[in-house]
Amino acid sequence: MKSIQVGLLGIGTVGSGVFNVLKRNQPEIMRRAGRGIEITMVADLDTARAQAIVGTGVKVVDDARAIIANPDIDIVVELIGGYGIAKQLVMEAIAAGKHVVTANKALLAVHGTEIFAAASSKGVMVAFEAAVAGGIPIIKALREGLTANSIQWIAGIINGTTNFILSEMRDKGLDFEVVLKEAQRLGYAEADPTFDIEGVDAAHKATIMSAIAFGIPVQFDKAYIEGITKLGAQDIRYAEQLGYRIKLLGITKRTAKGIELRVHPSLVPAKRLIANVEGAMNAVMVQGDAVGTTLYYGKGAGSEPTASAVIADLVDITRLHTADPLQRVPHLAFQPDAMSDLPVLPMSEIVTSYYLRLRVADEAGVLAKVTGLLAGAGISIDAVLQREADEVGGEGSTQTDVIILTHDCVEAKMDAAIAEMQALPTVLAPITRIRKEELA
Ligand SMILES: NC(=O)C1=CN([C@@H]2O[C@H](COP(=O)(O)OP(=O)(O)OC[C@H]3O[C@@H](n4cnc5c(N)ncnc54)[C@H](O)[C@@H]3O)[C@@H](O)[C@H]2O)C=CC1
Ligand SMILES: N[C@@H](CC=O)C(=O)O
Ligand code: NA
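Just so we're clear, the structure is a prediction, and the values are computed from it rather than from any experiment.

### A look at unusual backbone geometry
Link 1 in the chain: Not every positive phi belongs to a glycine, and Ala133 is a case in point at roughly 55 degrees.
Link 2 in the chain: Assignment of secondary structure puts Ala133 in the loop between β6 (126–127) and α7 (138–145).
Link 3 in the chain: Not every positive phi belongs to a glycine, and Leu439 is a case in point at roughly 50 degrees.
Link 4 in the chain: Along the chain, Leu439 falls in the segment after β17 (432–436).

As structure tokens, then:
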């Protein structure tokens, strides 16, 4: 049977991985797909570099539209990134009747509704396993493996760059900037690394998982996003002393009121497997009502791990492209006419527990005042840790840190309590608040 012909738009970190893995494993992939899958055209602005990667047998162009216009191309793989030209090219490829594979989570989190609607009306598939947690087949798990379940929550380490930074800072005491540069060198970081460190990339991925888990439209604009740039080394240390690790988590949860969708640094009990996920590795926990807690672990970034997911999508499309579109797995797991309008909740309505660090004057009665305020607000305390002033501020220091762990409360209540504590004259610096997830 004739091979499926694939055109690559962009042959950078991921694109070169796709080319190399497909070439290396072609015989085995062919046995799985039932026919060959061949990259016959590549578009990249840097044609010389592209040609050096693919050799002479593959046509290299600088104009991606030449691939879309080629009637022999069955599947277009978008690996350029971003919302600009990538969106135009994906929409044009769909309009031209091509199936599309993309690793572009930013594009899908923001424009997914439009893209999936266009694909459905044209009868083509848009596949995006690489867009969430790279090589981990989490989209497959959520859309197919867990379809029996009412999914309750998902919590994941879904950005390799930030997990790498947090691990290296904690283990080796390295500076943030040094580790970020290393993550860039290793090809983990986005073209704009602020997307990684400010939590935007993780929010793109959490948004996509939220849509698939709960059958709601992709709603990146409703996600709460907080990155790791304001995390202090002392908080990583205090968390350890209390039996927790700090991880940047992407969380989406179904509650009686709606859907929580949030990305922020979180304290996770050190005994949980996910707390021990180090370096650029990703891990996603999914809690379903029937299956219980499941955990998916692996490489979420990098050339070949991400290529693994892109090629899995190529095989899926190769197997399914002649099937009746109604027999295909829906883009967002739920049938398009069965989507839910459950609201994504504002942050003030989420419920979680907290780590608070207060830099206070080292004088009698301060702790009682602070805990009294929390009690007055109806916030229950789980643990309190007060450091020696000398340890915090050096010999003869008149300041110290008080660390408080709370039980669950609604965020609005915590906001009000923090404002009250902040106004105390004995609280000397902005209060640090890190949310705490038990993940049980
Ligand atoms: N690097 C990684 O580990 C992962 C990346 N992704 C996603 O995969 C996509 C690609 O990422 P990378 O390969 O890391 O990026 P990259 O920057 O290494 O590669 C992008 C390539 O696209 C080319 N390009 C830019 N504009 C173009 C245009 N108009 N026409 C043709 N080619 C053009 C560039 O020359 C470059 O070779 C992004 O959406 C990224 O978010 C997803 C998961 C992991
Ligand atoms: N920049 C991302 C790449 C994968 O999506 C990350 O660091 O995880
Ligand atoms: Na994946």
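### What about the environment of Val277?
Link 1 in the chain: The topology assignment puts Val277 in the loop between β10 (259–269) and β11 (281–288).
Link 2 in the chain: Between the C-alpha atoms of Val277 and Leu267, which are ten residues apart in sequence, the distance is 13 Å.
Link 3 in the chain: Excluding its chain neighbours within four sequence positions, the residues that come into contact with Val277 are Ile157, Asn163, Ala283 and Tyr297.

### A closer look at the domain arrangement of the chain
Link 1 in the chain: Here the chain is described as being made up of domain 1 (4–136 + 304–338), domain 2 (144–300) and domain 3 (351–436).
Link 2 in the chain: Measuring from the centre of the C-alpha atoms in domain 1 to the corresponding centre in domain 2 gives 26 Å.
Link 3 in the chain: Here the side of domain 1 that touches domain 2 takes seven residues from helix α6 (residues 105–122), the largest share from any one element.
Link 4 in the chain: Of the residues assigned to the side of domain 1 that touches domain 2, the class counts are 14 nonpolar, six polar and one charged.

Reading guide: rules and limits
Residues numbered from 1 in each chain as written. Chains lettered and ligands numbered in written order. Predicted model: local features only at pLDDT ≥ 70, side-chain atom pairs only at ≥ 80, totals over all residues. Helix = DSSP H or I, 4+ residues; strand = E, 2+ residues; numbered from the N terminus. Contact = placed C-beta atoms within 7 Å. Domains from an automatic or database assignment. Nonpolar A, V, L, I, M, F, W, Y, C, P; charged D, E, K, R; others polar.

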